[in-house]
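As a plain string of letters, each chain reads:
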Amino acid sequence: ARKKVVRKWEKLPGRNTFCCDGRIMMARQKGIFYLTLFLILGTCALFFAFECRYLAVQLSPAIPVFAAVLFLFAMATLLRTSFSDPGVIPRALPDEAAFIEMEIEATNGTVPQGQRPPPRIKNFQINNQIVKLKYCYTCKIFRPPRASHCSICDNCVERFDHHCPWVGNCVGKRNYRYFYLFILSLSLLTIYIFTFDIVYVALKSLKIGFLNTLKETPGTYPSASLTVLTVLEVLICFFTLWSVVGLTGFHTFLVALNQTTNEDIKGSWTGKNRVQNPYSHGNMVKNCCEVLCGPLPPSVLDRRGILQQEENTAQEAACTRGPSAPEPAAAQGPGGRAEESSAQQKDGGSVPHPNAVPVPSLSNAEMPEEKQLTTGELPVPSQDAGQAEH
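Note that this is a predicted model, so its numbers are computed, not measured.

## Observations concerning a nonpolar patch on the surface
Part 1: Where nonpolar side chains cluster on the molecular surface, the patch consists of I32, L35, F38, L39 and W166 and spans about 490 Å² of accessible area.
Part 2: One can find L35 in helix α1 (residues 31–58).

## Side note on the sheet that holds strand β8 (residues 148–150)
Part 1: If you walk across this open sheet you meet the three strands as β4-β9-β8, and the pairing is antiparallel. This sheet does not close on itself; its edge strands, each paired only once, are β4 (88–89) and β8.
Part 2: The sheet contact formed by β8 and strand β9 (residues 155–157) spans three bridges and is antiparallel. Across the sheet, the residue bridging to H149 is C156, located in β9.

## Observations concerning the environment of R28
Part 1: Summarising the element assignment, R28 is placed in the loop between β3 (24–27) and α1.
Part 2: A relative accessible area of 48% means that R28 is categorised as partly exposed.
Part 3: Separated by 124 residues in sequence, R28 and I152 have C-alpha atoms that sit 8.6 Å apart.
Part 4: Excluding anything up to four places from it in sequence, R28 contacts G14, R15, N16 and T17.

## Side note on the UniProt feature "transmembrane region" (unreviewed entry) in the chain
Part 1: UniProt's entry tags residues 32–50, 62–79 and 178–203 with the feature "transmembrane region" (unreviewed entry), counted in the numbering of this structure.
Part 2: The distance separating the terminal C-alpha atoms of residues 32–50 is 27 Å; by composition the span is 100% helix and 0% strand.
Part 3: Structurally, residues 62–79 comprises 100% helix and 0% strand, and the distance from its first C-alpha atom to its last is 26 Å.

Reading guide: rules and limits
Residues numbered from 1 in each chain as written. Predicted model: local features only at pLDDT ≥ 70, side-chain atom pairs only at ≥ 80, totals over all residues. Heavy atoms only, no water. Patch = residues over 30% accessible without salt bridge, like charges linked within 9 Å, V, L, I, M, F, W, Y side chains within 5 Å. Areas by Shrake-Rupley, 256 points an atom, 1.4 Å probe, with all protein chains shown as cover. Salt bridge = Lys/Arg side-chain N within 4 Å of Asp/Glu carboxyl O. Helix = DSSP H or I, 4+ residues; strand = E, 2+ residues; numbered from the N terminus. Pairing = 2+ DSSP bridges. Buried < 20%, exposed > 50% of the residue type's maximum accessible area, 1.4 Å probe, protein only. Contact = heavy atoms within 4.5 Å. UniProt positions renumbered as here; feature names shortened; annotations may be inferred.

What follows is the structure, encoded as structure tokens:
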């Protein structure tokens, strides 16, 4: 038997992609994530390669240092958000799913044909507030409070906020703080680069004029191509600034209220019922501390756990079994058939031994050697075998 080691991430349901032996977990649609990397790396590379050199000499060498710190922090939080488990809830095992179905049927009773079954909901109380736990027909579980099923990744995520294609992953309980820190640091980095690009163009324009700066020849520093790249950086930062800064402001508002994007879109706490948010502490500082500084729960997927499967080949099975051995004769004693024959002779030959196995009659010539020695008779022709034996 040969055992093949299989990790649990290879058998996990859903539409996630795993890399580095299950250490990295992402969504399958990663095209926009690569675009995010290209925009950040490309813009920062141009800024560090050209503008930072001039600004460090003309203004201060601290300008590229602070830009590098913001860049590294933004990239670290981006990768942490994209490559981590957002808080996926495991699906129910077949036995668990069958037990839950039995409980639901026992509670709701038999639904007549043609009628719609009642919604599968459980009531749960949090801070004197009734919260409904909905049943997930895909995962076969009652989702915990604030959890929701992501249609893109096909998984239930705890404290589901939204699915962000820009980071290539869902944003949930285990990576929301890193997502918030990423958009916050990216906003600061975008403002920083945009501001110093404007400063760079202004400094050059004060020396040789704005039009001369745009018309500079390749023989001088910076070249005409460098000026075009600077303008390109300004345009990218300008259009990125509004979206990223606006997104950061929106999530700052949600963090202060201890609310998720999913709850805000559905109007869970601002609907007609005017139900108050049971998760809010009524204090912005406490809400921010809970969301951004609270304990981070461990992943419940155990992606790198080991599952062992046995694979038997035909050749290994044949070698393991070996040649087939003859089955032992029933009721055969230490003496074999010789004991059976002697027992029959002692009893007169009329009554067989109780444990003897019936054997077809044979001539002396065909009888075994042990029986010939036991009877002490010489071989006789086969036609007189019965009389001699009698």
